Amino acid sequence: MTEKFIILKIENYKIELETVNFSELIYRSLAAYRQYCKHDILIMEKLAKMLKYLLNHPCENERYADTIKKQLHILYEDCQTNIENKSDIERLRKYLKVLYKIVSNSFQISFQNSSNLDY
């Protein structure tokens, strides 16, 4: 979703500014990484840490936090379906314990080769 604003209009000339909302910006930024790195546990961890970092800072709008939580959920859905190594899954589970405290009841996390995380 983009919005266009006309900043200045003089005779036949105009200056337009096109903005992207936060949800679309985050989605566009992470979609490619998730697609090409979903099998790489280290990159997925780094993306999760980035989202955690964003959640730890005050949001100007509560919807920003909801967007970040949604992206975190999407990230772990990709991990769930694409990471098969049991030690990688366990490593990710340990990190999830920290993240789960931040996002509380926002989503349920489970892995195909493992039981649900209990907290």
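Here, every reference points to the structure presented above.
What you see is a predicted model; the values in this text were computed from it and never measured.

Focus on the pattern of salt bridges
Scanning all chains against the criterion turns up 4 salt bridges. One salt bridge connects Lys14 with Glu16, and the closest N-O pair in it is separated by 3.1 Å. Since its relative accessible area comes to 46%, Lys14 is described here as partly exposed. Overall, Glu16 belongs to the partly exposed group, its relative accessible area being 38%. Taking the shortest distance from any N to any O, the salt bridge between Glu45 and Arg91 comes out at 3.0 Å. On the criterion of sequence distance, the pair formed by Glu45 in helix 2 (residues 41-55) and Arg91 in helix 4 (residues 86-103) is long-range, its members being 46 residues apart. Under the relative-accessibility criterion, Arg91 is labelled partly exposed at 44%.

Considerations on unusual backbone geometry
Phi at Glu11 is positive, roughly 50°, even though this residue is not glycine. Of note, Glu11 is situated in the loop between strand 1 (2-10) and strand 2 (13-20). For Glu11, a relative accessible area of 72% corresponds to the exposed category.

What about helix 1 (residues 22-37)?
Between its terminal C-alpha atoms helix 1 stretches 22 Å, which fits the 22 Å expected from 16 residues at 1.5 Å a residue. Along helix 1, the sharpest change in direction is near 30° and occurs at Leu30. Of the residues making up helix 1, those classed as buried are Ile26, Leu30, Arg34 and Cys37. The inward-facing, buried residues of helix 1 abut helix 2 and helix 3 (62-82).

Thresholds, definitions, all that
Residues numbered from 1 in each chain as written. Predicted model: local features only at pLDDT ≥ 70, side-chain atom pairs only at ≥ 80, totals over all residues. Heavy atoms only, no water. Salt bridge = Lys/Arg side-chain N within 4 Å of Asp/Glu carboxyl O. Buried < 20%, exposed > 50% of the residue type's maximum accessible area, 1.4 Å probe, protein only. Helix = DSSP H or I, 4+ residues; strand = E, 2+ residues; numbered from the N terminus. Expected span 1.5 Å × (residues − 1). Bend = angle between axes of the 7 residues up to and from the residue. Contact = heavy atoms within 4.5 Å.

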